[in-house]
Amino acid sequence: ASQTVYVASGKVVWGQAKPEEREAVVLSFCRNVRVERVEMSNAMVNDRLAEAWGAVLRSNSTLTSLNLESNTITTSGIEALASGLRCNSTLRELKLSNQA
């Protein structure tokens, strides 16, 4: 079975989106039942988007892999992700290295 993947890394339209539009895209994964892997490395993910991902992780039971490498997530964003992970039993891989 192949995985369904959402990739924002390197996408021009993602870079042109307003912060609130990016947040709406992330929050749409709260209702996701199809996408299993998300690639958002080097995709302007900051603490606000990390907090949104924390909310997603609390309710999403489909995602198995989330790549947020090479972004600008600080301690508060990591804490929000950790909070979401406490309620999540399906995510198997979370990549967070190289935060500026």
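Keep in mind that what you see is a predicted model, and the values were worked out from it rather than measured.

Draft legend 1. Quick peek at the pattern of salt bridges. Scanning the entire structure with this criterion turns up three salt bridges. Notably, a salt bridge pairs Glu23 with Arg48, separated by 2.6 Å at the nearest N-O pair. Of this pair, Glu23 sits in helix α2 (residues 19-28) while Arg48 sits in helix α3 (residues 47-59), and the two are 25 residues apart along the sequence. Between Lys95 and Glu93 there is a salt bridge; the shortest N-O distance is 3.9 Å. Overall, Lys95 belongs to the partly exposed group, its relative accessible area being 32%.

Draft legend 2. Examining the environment of Val5 more closely. You can see Val5 is positioned in strand β1 (residues 5-7). Note: C-alpha distance between Val5 and Val35 (30 residues apart in sequence) is 5.7 Å. Setting aside anything within four residues of it in sequence, one finds Val5 in contact with Val35, Arg37 and Glu39.

Draft legend 3. The sheet that holds strand β2 (residues 37-39), seen in detail. Overall, parallel pairing links the four strands, which are arranged β1-β2-β3-β4 in an open sheet. This sheet does not close on itself; its edge strands, each paired only once, are β1 and β4 (93-95). This sheet shows a mean twist of 5 degrees between the axes of neighbouring strands, independent of strand direction. Bridge count for β2 against strand β3 (residues 65-67) is three bridges, and the pairing is parallel. In the sheet register, Val38 faces β3, and the bridge partner there is Leu66.

Reading the values: rules and limits
- Residues numbered from 1 in each chain as written.
- Predicted model: local features only at pLDDT ≥ 70, side-chain atom pairs only at ≥ 80, totals over all residues.
- Heavy atoms only, no water.
- Salt bridge = Lys/Arg side-chain N within 4 Å of Asp/Glu carboxyl O.
- Helix = DSSP H or I, 4+ residues; strand = E, 2+ residues; numbered from the N terminus.
- Buried < 20%, exposed > 50% of the residue type's maximum accessible area, 1.4 Å probe, protein only.
- Contact = heavy atoms within 4.5 Å.
- Pairing = 2+ DSSP bridges.
- Axes fitted to C-alpha atoms, helices over the stretch in contact; angles between N-to-C directions.

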